[in-house]
Amino acid sequence: MKILLHICCGPCSIYPIEVLKNDGMDVTGYYYRHNIHPYSECLKRQKTLKKYSESIGLKLIIQEGYELEAFLRNVIFRENERCSLCYHERLKSTAMIAKRGKFDLFSSTLLFSKFQKHEMIKSIGEAVGKSVGIRFYYHDFREGWKEGVEESKYLKMYRQQYCGCIYSEKERFYKSEQRDGSE
Ligand code: SF4
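Values in this document were obtained by computation on a predicted structure and should not be read as measured data.

Colleague: For this particular structure, what's the right way to read the packing of helix H3 (residues 68-75) against helix H4 (residues 82-100)?
Modeller: Each pair of packed helices can be described by the angle between their axes along with the distance between the axes. At a closest axis distance of 9 Å, the pairing of H3 and H4 adopts a crossing angle of 135°. In terms of orientation, H3 and H4 fall into the oblique class. In this structure, the crossing between H3 and H4 has a hand that is right-handed. Between H3 and H4, the contacting residues are Phe71, Asn74 and Val75 on the first element and Arg82, Leu85, Cys86 and Glu89 on the second. Within the contact of H3 with H4, the residues separate by chemical class into 4 nonpolar, 1 polar and 2 charged.

Printed below as a string of structure tokens:
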């Protein structure tokens with residue numbers, strides 16, 4: 001079975017790739033870029049993932065372009081719903097490439113993270129799969145959270161501090177600063 005795996009970052013890819021390979025799948029990674037801000041951060045994550053992919057012999061597709069403006073236009077005035085819109089864009093893009101490339105399945109490393117909205121990702125993935133005409137592979141990769149995190153630390157991978165978009169960067173740094181009462 002050929003599967004196209006959307007990869008949000010190197011550390012989150014370790015465990016899902018291992019599971020899929022152990023299941024006998026032919027895995028290709030897909031790095032989606034528009035939701036990772038700023039651009040220098042996007043490149044940092046990309047470089048980490050590329051290096052890891054090369055080290056394990058993973059085929060990797062890197063999305064072309066960097067449509068920061070389109071990302072922002074899509075979520076503006078509905079920032080509270082931004083994650084569902086963002087998941088939808090990322091999964092739709094993955095499904096369409098998988099369909100064009102004649103893959104059997106598509107999935108996402110978003111299903112690995114304890115910090116993402118897991119059930120929402122599952123239902124959006126399934127809905128997108130139906131509309132594009134390719135099956136979404138669901139697995140609760142969170143079972144390997146500890147293992148994946150430890151391995152990424154062992155490999156000294158760059159581990160980011162926030163999800164990706166500028167809103168999540170603000171939540172991570174500005175809001176935690178407010179909570180801590182520091183300057
Ligand atoms: S917090 Fe993460 S999932 Fe939500 S919109 Fe930002 S990048 Fe996308």
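Colleague: Just checking my understanding: could you explain helix H6 (residues 145-154) for this structure?
Modeller: For the α-helix, the turn length of 3.6 residues means that residues three or four positions removed from each other point alike. When H6 is considered as a whole, its buried residues turn out to be Trp145, Gly148, Val149 and Ser152. Buried residues of H6, seen end-on, are gathered within an arc of 95° and therefore sit on one face of the element. For H6, the exposed residues set more than 90 degrees away from the buried face come down to Lys146 and Tyr154. Taken together, the buried residues of H6 touch helix H1 (10-22). Positive backbone phi, at 55°, marks Lys156, one or two positions downstream of H6.

Colleague: Even after reading the chapter, I still don't get a positive patch on the surface, so can you show me in this structure?
Modeller: Taken together, the side chains of Lys170, Arg172, Lys175 and Arg179 define a basic patch exposed on the protein surface. Mapped onto the fold, Lys170 is located in helix H7 (residues 166-180). The exposure class assigned to Lys170 is partly exposed, which follows from its relative accessible area of 46%.

Colleague: Please explain a negative patch on the surface as it appears in this structure.
Modeller: A cluster of acidic residues, Glu18, Glu143, Glu147 and Glu151, forms a negative patch on the protein surface. Mapping Glu151 onto the fold places it in helix H6.

Colleague: Teacher, can you tell me more about H4 here?
Modeller: Taking 1.5 Å of rise per residue, the 19 residues of H4 would be expected to cover 27 Å, and the 27 Å separating its terminal C-alpha atoms lies within 8% of that figure. All buried positions along H4 are accounted for by Arg82, Leu85, Cys86, Tyr87, Arg90, Leu91, Ser93, Thr94, Ala95, Ile97 and Ala98. Positive phi appears at Lys102, one or two residues downstream of H4, with a value of about 60°.

Colleague: So what exactly am I meant to see when it comes to the environment of Cys9 here?
Modeller: Structurally, Cys9 can be placed in the loop between strand S1 (2-7) and H1. A residue is classified by how much of its surface remains accessible, and Cys9, at 1% relative accessible area, is buried. Expressed as a C-alpha distance, the spacing of Cys9 and Tyr31, which sit 22 residues apart in the sequence, is 7.6 Å.

Colleague: Is there a simple way to explain the site of the ligand in this structure?
Modeller: Every residue close to the ligand is listed here: Asn35, Arg82, Cys83, Cys86, Tyr87, Arg90, Gln116, Cys163, Cys165 and Ser168. For the shell around the ligand, the leading source of residues is H4, giving 5 residues. A per-class count over the shell around the ligand returns 5 nonpolar, 3 polar and 2 charged.

Colleague: I'm lost on the sheet that holds strand S3 (residues 59-62) in this one. Help?
Modeller: Hydrogen bonds between backbone groups are what pair the strands of a sheet, and the pairing can be parallel or antiparallel. Read from one edge to the other, the open sheet built from 5 strands follows the order S3-S2-S1-S4-S5, with strand pairing classed as parallel. Looking at strand neighbours, the two that pair on one side only are S3 and strand S5 (135-136), the edges of this open sheet. Summarising the sheet, S1 and strand S2 (residues 26-31) pair through 6 bridges and their orientation is parallel. For Ile3, the partnering residue across the bridge sits in S2 and is Val27.

Colleague: Would you explain the nonpolar core in this entry?
Modeller: A general feature of soluble globular proteins is that nonpolar side chains tend to end up buried together. Within the largest apolar cluster, 45 residues are counted, with the highest numbers of intra-cluster contacts made by Leu20, Phe106 and Phe141. Counting residues per element, the ones that place at least two in this core are S1, H1, S2, helix H2 (39-56), H4, strand S4 (105-108), helix H5 (118-132) and H6. The residues touching Leu20, leaving out its near neighbours within four places in the chain, are Ile3, Leu5, Met25, Val27, Tyr137 and Phe141. Counting residues in each nonpolar core, the second largest holds 6 residues, with Phe71, Val75, Cys86 and Tyr167 among its members.

Quick notes on the rules
Residues numbered from 1 in each chain as written. Predicted model: local features only at pLDDT ≥ 70, side-chain atom pairs only at ≥ 80, totals over all residues. Heavy atoms only, no water. Axes fitted to C-alpha atoms, helices over the stretch in contact; angles between N-to-C directions. Helix = DSSP H or I, 4+ residues; strand = E, 2+ residues; numbered from the N terminus. Parallel < 35°, antiparallel > 145°, perpendicular 65-115°, else oblique. Left-handed = near helix turned anticlockwise from the far one by under 90°. Contact = heavy atoms within 4.5 Å. Nonpolar A, V, L, I, M, F, W, Y, C, P; charged D, E, K, R; others polar. Buried < 20%, exposed > 50% of the residue type's maximum accessible area, 1.4 Å probe, protein only. Arc of directions from axis to C-beta. Patch = residues over 30% accessible without salt bridge, like charges linked within 9 Å, V, L, I, M, F, W, Y side chains within 5 Å. Areas by Shrake-Rupley, 256 points an atom, 1.4 Å probe, with all protein chains shown as cover. Salt bridge = Lys/Arg side-chain N within 4 Å of Asp/Glu carboxyl O. Lys, Arg positive; Asp, Glu negative; His and termini not counted. Charge placed at Lys NZ, Arg CZ, Asp CG, Glu CD. Expected span 1.5 Å × (residues − 1). Near = heavy atom within 4 Å. Pairing = 2+ DSSP bridges. Core = buried A, V, L, I, M, F, W, Y, C linked by side-chain atoms within 4.5 Å.

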